[in-house]
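# Observations on the model geometry
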Amino acid sequence: LDYLFVPINRHQTHWCFVMVDLIQKNFVFYDSMSTKQTRTGLEILEMVKQYMVQESQSQDPSQNWKEFYDAYESIGGDECPQQENGFDCGVFVCKAVEVKSRGLDFNYTQKDMINLRRRMVYEMLQCKLLT
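Residues numbered from 1 in each chain as written. Predicted model: local features only at pLDDT ≥ 70, side-chain atom pairs only at ≥ 80, totals over all residues. Heavy atoms only, no water.

Let us look at the sheet that holds strand β3 (residues 26–30). Consider a sheet: its strands pair through backbone hydrogen bonds, and that pairing is either parallel or antiparallel. Read from one edge of the open sheet, 4 strands run β1-β2-β3-β4, paired in mixed fashion. A single partner strand is all that each edge strand has here, and the edge strands are β1 (3–10) and β4 (73–75). For this sheet, the mean angle separating the axes of adjacent strands, direction not counted, is 15°. When β3 meets β4, the two strands line up parallel, connected through 3 bridges. Note on β4: the bridge partner recorded for F27 is S74. Sitting on the sheet, helix α1 (residues 39–59) is in contact with β1, β2 (14–21), β3 and β4, with an inclination near 135° to β3. Against the sheet, helix α3 (residues 89–101) engages β1, β2 and β3, with an angle of about 15° to β2. (Pairing = 2+ DSSP bridges. Helix = DSSP H or I, 4+ residues; strand = E, 2+ residues; numbered from the N terminus. Axes fitted to C-alpha atoms, helices over the stretch in contact; angles between N-to-C directions. Contact = heavy atoms within 4.5 Å.)

And the structure:
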């Protein structure tokens, strides 16, 4: 396992996500409505880190998981494609997770959303991700 992706629903109105990079040892917050490091992004990262500590502790109480995850860097607002409306955040999150899980750089914009939605529907109906 190289990455763990945690979707976040903020206030029942907006989706963003955290990527836990187990190789580079960092927590990265991605938000299609902001590329700046924000207090909210850092707070979300801290909550995900606390969750990771608790889950790891429940699986293996012999290790100091707080110390382990405190060594990870927290990046509170990394660059990612930005949405230009108030309703495409879910598609942005799904596509960003797909891109990052493949170890690729972001390669889409708001203009791609209609085709990305169609592709997602096709993949769901076929029960298969396209390459």
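This brings us to the packing of aromatic side chains. Following the criterion strictly, the structure yields 13 aromatic pairs and no others. Aromatic pair Y3 and F5: ring centres 5.9 Å apart, planes at 40°, arrangement tilted. By relative accessible area, which is 25% here, Y3 ends up partly exposed. What makes F5 partly exposed here is its relative accessible area of 22%. Every member of this aromatic cluster is reached through a ring pair, and the members are Y3, F5, F17, Y30, F92, F106 and Y108. One Lys or Arg, K100, reaches over the ring of F106 and ends 4.8 Å from the middle of that ring. (Phe/Tyr/Trp six-rings, centres within 6.5 Å; stacked < 30°, edge-to-face > 60°. Buried < 20%, exposed > 50% of the residue type's maximum accessible area, 1.4 Å probe, protein only. Lys NZ or Arg CZ within 6 Å of the ring centre and 35° of its normal.)

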